[in-house]
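If you want the building blocks of each chain, they are given just below.
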Amino acid sequence: WLHWGAQRREAAQRSPAALAGAERLGLHLTALAGITFLAVGSAQLLGRLFEVALGGTTVDGFFRYELAWFVAQVLVGAVLWIPAWSAILRRRATDPAVERRAAASRAYLYLVVGAAVIAAVPSAAFTLFRLIDRMLGGTGSALSSELAIPVAVLIVALVVAAYHGRLLLADLRFTAIETTRAVANERI
């Protein structure tokens, strides 16, 4: 927060555009930290709840400790992400052209979608491996305990990727349309 404040003060001395850029960067960095905690905590919490629901583990003191840790991660992530993301969405509604082309906005969306895909692919591969192995007669520990976390990671990653990916695709379409119009206007 100290760094963000210093960056805003320096940018305010240069120009309104520099201040807007500094605020945009700060909001996106805060949203990135928030979505990371929110997604990781949600996946861990959901995975442990799957394990308990499917009988893969019992509710004991360690589970309660883990539960408290996962809920804390979700709460910290929500407290960071929701206000920052709400401010970002307001800025996008106010000046969509500038916000859609901004490097901080693009970087945020690419990072979040990329991280979600990186989390989802190995989780999906492991889940398919265990299911195929079991169908082919493989033995091992209880399938519910092995798949609870990977399935939870897959669910959370898909939700995060779908939500942010939708925005990224809309921004890319917007930029393509703008570029096509600019080229057409140059020809005229």
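Bear in mind that the values here come from a model prediction, so they are computed numbers and not experimental data.

Rules and cut-offs
- Residues numbered from 1 in each chain as written.
- Predicted model: local features only at pLDDT ≥ 70, side-chain atom pairs only at ≥ 80, totals over all residues.
- Heavy atoms only, no water.
- Helix = DSSP H or I, 4+ residues; strand = E, 2+ residues; numbered from the N terminus.
- Rg over C-alpha atoms; globule rule 2.2 N^0.38 Å.
- Buried < 20%, exposed > 50% of the residue type's maximum accessible area, 1.4 Å probe, protein only.
- Contact = heavy atoms within 4.5 Å.
- Areas by Shrake-Rupley, 256 points an atom, 1.4 Å probe, with all protein chains shown as cover.
- Lys, Arg positive; Asp, Glu negative; His and termini not counted.
- Charge placed at Lys NZ, Arg CZ, Asp CG, Glu CD.
- Salt bridge = Lys/Arg side-chain N within 4 Å of Asp/Glu carboxyl O.
- Core = buried A, V, L, I, M, F, W, Y, C linked by side-chain atoms within 4.5 Å.
- Phe/Tyr/Trp six-rings, centres within 6.5 Å; stacked < 30°, edge-to-face > 60°.

## A closer look at the overall build of the protein
What the protein contains, in helices and strands, is six helices and zero strands. Taking 188 residues into account, the globule formula puts the C-alpha radius of gyration at 16 Å, and the protein, at 21 Å, lies well above it. Along the first, second and third principal axes, the C-alpha set of the protein runs to 70 × 45 × 20 Å. Counting all 188 residues of the protein, 34% fall into the buried class. Here the contacts in the protein between residues at least 6 apart in sequence split such that 74% fall between residues at least 24 apart. For the protein, the accessible surface area stands at approximately 11,100 Å², while carbon and sulfur atoms represent 71% of it. Distance between charge centroids for the protein: 7 Å, based on 18 positive and 12 negative side chains.

## Quick notes on the pattern of salt bridges
Scanning the entire structure with this criterion turns up nine salt bridges. A salt bridge links Arg-100 to Asp-171, with the nearest nitrogen and oxygen atoms 3.2 Å apart. Of this pair, Arg-100 sits in helix H4 (residues 96-101) while Asp-171 sits in helix H6 (residues 143-187), and the two are 71 residues apart along the sequence. Taking the relative accessible area as the measure of exposure, Arg-100 reaches 22% and is therefore partly exposed. Between Arg-130 and Glu-146 there is a salt bridge; the shortest N-O distance is 2.3 Å. On the criterion of sequence distance, the pair formed by Arg-130 in helix H5 (residues 103-135) and Glu-146 in helix H6 is long-range, its members being 16 residues apart. The class for Arg-130 is buried, based on a relative accessible area of 6%. For Glu-146, a relative accessible area of 23% gives the class partly exposed.

## A closer look at the nonpolar core
By size, the foremost hydrophobic cluster in this structure holds 24 residues, and its most contacted members are Ala-31, Ile-35, Trp-81, Trp-85, Tyr-108 and Val-160. Counting residues per element, the ones that place at least two in this core are helix H2 (16-53), helix H3 (61-94), H5 and H6. If you tally residues by element for this core, the top one is H3, at seven residues. When near neighbours in sequence (up to four residues on either side) are disregarded, Val-160 contacts Ile-35, Ala-39, Val-112, Ala-116 and Gly-165.

## Observations concerning the packing of aromatic side chains
One pass over the structure, following the stated rule, counts five aromatic pairs. Ring geometry for Trp-81 and Trp-85: centres 5.9 Å apart, planes at 10°, overall stacked. Taken together, the residues Trp-81 and Trp-85, both in helix H3 and four residues apart, mark about one turn of the helix. For Trp-81, a relative accessible area of 14% puts it in the buried group.

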